[in-house]
Amino acid sequence: MPNGSSGVDHAIVQHRLRWIYLHLMNDAPRDPDDVRRIVSDNGIEFLFAQFVDMHGKPSAKLVPAHHLDDLLTEGAGFAGFAAGDLGQGPDSPDMIAMPDPATLTILPWRPTVARLACDITVEGEPWPYCPRTILRRALARASELGYELKIGAELEYFLLRRADDGSLALADPLDTLEQPCYDMRALTRNLDFVAEVSTAVTGLGWDNYATDHEDANGQFEQNFAFSDALTTCDRAIFFRYMVESLAQARGLIATFMPKPFPHLTGNGCHFHVSLWRDGVNLFERDPSEDPRSLGLSELAYNFIGGLKAHAKAYIALTAPTVNSYKRLVVGAPTSGATWAPVYISYGYNNRTQMLRVPAPGRIEDRTVDGSCNPYLAATALLTAGVDGIERELDAGDPNTANLYTLDAAQRIAAGIELLPGNLLDATRELERSDALRAGLGRTADGDYLDYFVEVKRREVQAAHEQVTQWELDRYLQLY
């Protein structure tokens, strides 16, 4: 099979996954005692105490199960400066990763190992540079206003291998169609891998409801059910880790990089968002009662108004890498369109819009890509949307056009603004946003927003200093 072999007996693994699903689906841990019981009942031998840095990179310590009590009460210690961009220097005191019992996740391919997502503390206090802590605080502020954010995330990835010369190649050498989206034969050739991922996702209780071959050759998307924002972000981190781990076990590479190939559609991570209260979707109403006929409440339209008002700034968090902006172009790589937004717009079930309303009661933000830190991206969208609600911002009329065919004069006449074309411009917009500055919170050294901008500008500078093959081809003997 083109997707390789891990040497694992997948029938045994899938049987074990079904057992986990049946026993744990309705047994989600609520407190440390539940974690202790589940670890004991399931023969778990090791636990990852896992957290992420600004870039969403998962870091962890592996803790033997016989030290579970220590982990739950005292956390796991880390030298934060070594772990990534988390606001620490080499002279800083240890970070302590404190597990959230509700995040206990058994590794489907290693059922004697589990993961606990952690919040970072330093000297007993929540660490304001911790992305999960930043989102938790934003959710708490929204809760005070009576809002619960729910998110569904669509994570796309490429399945690749290293060629003999070290270059990247598609894992499936037969995946060469000019228009491969939804290709049944390519799905069949890669069925062993995507079925293993699907079984794992459903076995974890997340409910994989579809697997697609996406728009690019070698690209897939495997959807799971929406949930509260913190849960979805925890799952997104684990999903990326899981897919990469399963690929590596087969000698393959899975990447969520926004644009690994210049001629192929990039990897999005579209967020479907809605606000709830007491189990009621505050965004939803009957389309017949909506003057714009989209099935959204006035609250939802104010939320859209906030997203539109802050899109130029928050895209620095939803598309946070230099590479992200190579995805955000209008064009036709091989299969119809890039499917990525360039214009600040919204509309009904129309994928050329930045904000799509695929069904009553939810808004899809298409700026979010595979490189996002989901905690920071969710914080950005929540902050922007709630600001729109508080200021009663008008969303304007929905757009029905194919925006990819607009010329500049038509766009200007329609009053449609452009998103930033690169990460540097996005950070400049972010720096000017008082709402996002407040939403991301304060640190002992200033606003987290300024720290984020500083780190991202170093990234821009590092990329700028590279001399690419394109530059050599273009300029070496031009003059």
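None of the values given here were measured: they were computed from a predicted structure.

## Some remarks on empty space enclosed by the protein
Regions of empty space are outlined by a rolling probe, equal in size to a water molecule, passed over the atoms.
Link 1 in the chain: This model, assessed by the stated rule, comprises one cavity of 30 Å³ or more.
Link 2 in the chain: Looking at the largest cavity, its volume works out to about 40 Å³.
Link 3 in the chain: Every residue along the wall of the largest cavity is listed here: Q50, F51, V52, A117, C118, C130, R132 and Y375.
Link 4 in the chain: Sorting the residues of the lining of the largest cavity by element identifies β1 (46-52) and β6 (113-122) as the ones contributing at least two each.
Link 5 in the chain: Looking at side-chain class alone, the lining of the largest cavity contains six nonpolar, one polar and one charged residues.

## Some words on the nonpolar core
Link 1 in the chain: By size, the foremost hydrophobic cluster in this structure holds 123 residues, and its most contacted members are L47, Y157, F239, F271 and Y314.
Link 2 in the chain: Excluding residues within four positions of it along the chain, F271 makes contact with I151, G152, A153, I363, E364, D365, V368, P374, A377, A378 and L381.

## Remarks on unusual backbone geometry
Link 1 in the chain: Of note in this structure, D278 is not a glycine but carries a positive phi near 50°.
Link 2 in the chain: Turning to its location among the elements, D278 is positioned in the loop between β14 (269-277) and β15 (280-281).
Link 3 in the chain: Under the relative-accessibility criterion, D278 is labelled exposed at 77%.
Link 4 in the chain: The residue S293 is not glycine, and still its phi comes out positive at about 70°.
Link 5 in the chain: With respect to the helices and strands, S293 occurs in the loop between β15 and α8 (298-318).

## Some points on the pattern of salt bridges
Link 1 in the chain: Counted according to the given criterion, the structure contains 28 salt bridges.
Link 2 in the chain: Residue E196 pairs with R250 through a salt bridge whose shortest N-O separation is 2.8 Å. Here E196 is found in helix α6 (residues 191-203), whereas its partner R250 is found in the loop between α7 (229-249) and β13 (253-255), with 54 residues between them in sequence.
Link 3 in the chain: Exposure remark for E196: the relative accessible area of 8% places this residue in the buried category.
Link 4 in the chain: With a relative accessible area of 6%, R250 lands in the buried category.
Link 5 in the chain: In this structure, R437 engages D447 in a salt bridge whose closest nitrogen and oxygen atoms are separated by 2.9 Å. Of this pair, R437 sits in helix α12 (residues 434-440) while D447 is found in strand β20 (residues 446-447), placing the two residues ten residues apart along the sequence.
Link 6 in the chain: Assessed through its relative accessible area of 15%, D447 is described here as buried.
Link 7 in the chain: When salt bridges with common partners are traced through the structure, they connect D100, D119, R132, R136 and D234 into a single cluster.

## What to know about the packing of helix α4 (residues 131-144) against helix α9 (residues 374-390)
Link 1 in the chain: The geometry of α4 relative to α9 is characterised by a closest axis approach of 8 Å and an angle of 25° between their N-to-C directions. Taken as axis vectors, α4 and α9 run roughly parallel relative to one another. The two elements α4 and α9 cross, and the hand of that crossing is left-handed. The residues of α9 that touch α4, namely those facing P131, R132, I134, L135, A138, L139 and A142, are Y375, L376, A378, T379 and L382.

## Here we look at a nonpolar patch on the surface
Link 1 in the chain: Side chains of W470, Y475, L478 and Y479 sit close together on the surface and give an oily, nonpolar patch of about 550 Å² of accessible area.
Link 2 in the chain: Of note, Y479 is situated in the segment after α14 (469-475).
Link 3 in the chain: Among the residues examined, Y479 registers a relative accessible area of 78% and is labelled exposed.

## As for the environment of V194
Link 1 in the chain: Note on placement: V194 falls in helix α6.
Link 2 in the chain: Residue class for V194 comes out buried when judged on its relative accessible area of 4%.
Link 3 in the chain: On a C-alpha basis, the gap between V194 and P131 in space is 30 Å, while along the polypeptide they are 63 residues apart.
Link 4 in the chain: Apart from the residues within four sequence positions on either side, V194 is in contact with Y157, L187, T211, F220 and Q222.

## Let's talk about the pairing of strand β10 (residues 208-213)
Link 1 in the chain: When β10 meets strand β11 (residues 219-224), the two strands line up antiparallel, connected through five bridges. Each residue of the ladder has a partner; that of H213, found in β11, is F220.
Link 2 in the chain: Hairpin connection, β10 to β11: the antiparallel pair is bridged by five residues, and G218 has positive phi, about 80°.

## Quick look at the side chain of Q353
Link 1 in the chain: Positionally, Q353 belongs in the loop between β16 (346-347) and β17 (355-356).
Link 2 in the chain: The exposure class of Q353 is buried, given its relative accessible area of 1%.
Link 3 in the chain: A polar contact is formed between the side chain of Q353 and the backbone oxygen of A401, at a distance of 3.3 Å.
Link 4 in the chain: When near neighbours in sequence (up to four residues on either side) are disregarded, Q353 contacts P341, S345, Y346, G347, R366, N399, T400, A401 and L403.

## Considering the packing of aromatic side chains
Link 1 in the chain: Taken as a whole and judged by the stated rule, the model has 22 aromatic pairs.
Link 2 in the chain: Ring centres 6.4 Å apart and planes at 70° place the aromatic pair Y157 and F193 in the edge-to-face group. Taken together, the residues span a long stretch of sequence, with Y157 in strand β8 (residues 148-162) and F193 in helix α6 at a distance of 36 residues. For the residue pair Y157 and F193, the accessibility class agrees, reading buried in each case.
Link 3 in the chain: Taken together, the aromatic side chains of F48, W109, Y157, F193, W206, F220, F224, F238, F239, Y241 and F256 make up a single cluster linked through ring pairs.
Link 4 in the chain: Over the ring of F78 we find K61, and its NZ or CZ is 5.4 Å from the ring centre.
Link 5 in the chain: A cation sits over an aromatic face here: R292 above Y301, 4.1 Å from the ring centre.

Cut-offs and rules
- Residues numbered from 1 in each chain as written.
- Predicted model: local features only at pLDDT ≥ 70, side-chain atom pairs only at ≥ 80, totals over all residues.
- Heavy atoms only, no water.
- 1 Å grid on protein atoms, 1.4 Å probe; cavity = no way out; pocket = protein on both sides within 12 Å on 5 of 7 lines; lining within 4 Å.
- Points joined across faces, edges and corners; volume = space filled by probe spheres on them.
- Helix = DSSP H or I, 4+ residues; strand = E, 2+ residues; numbered from the N terminus.
- Nonpolar A, V, L, I, M, F, W, Y, C, P; charged D, E, K, R; others polar.
- Core = buried A, V, L, I, M, F, W, Y, C linked by side-chain atoms within 4.5 Å.
- Buried < 20%, exposed > 50% of the residue type's maximum accessible area, 1.4 Å probe, protein only.
- Contact = heavy atoms within 4.5 Å.
- Salt bridge = Lys/Arg side-chain N within 4 Å of Asp/Glu carboxyl O.
- Axes fitted to C-alpha atoms, helices over the stretch in contact; angles between N-to-C directions.
- Parallel < 35°, antiparallel > 145°, perpendicular 65-115°, else oblique.
- Left-handed = near helix turned anticlockwise from the far one by under 90°.
- Patch = residues over 30% accessible without salt bridge, like charges linked within 9 Å, V, L, I, M, F, W, Y side chains within 5 Å.
- Areas by Shrake-Rupley, 256 points an atom, 1.4 Å probe, with all protein chains shown as cover.
- Pairing = 2+ DSSP bridges.
- Polar contact = N/O pair within 3.5 Å; in protein donor to acceptor, adjacent residues only side chain to side chain.
- Phe/Tyr/Trp six-rings, centres within 6.5 Å; stacked < 30°, edge-to-face > 60°.
- Lys NZ or Arg CZ within 6 Å of the ring centre and 35° of its normal.

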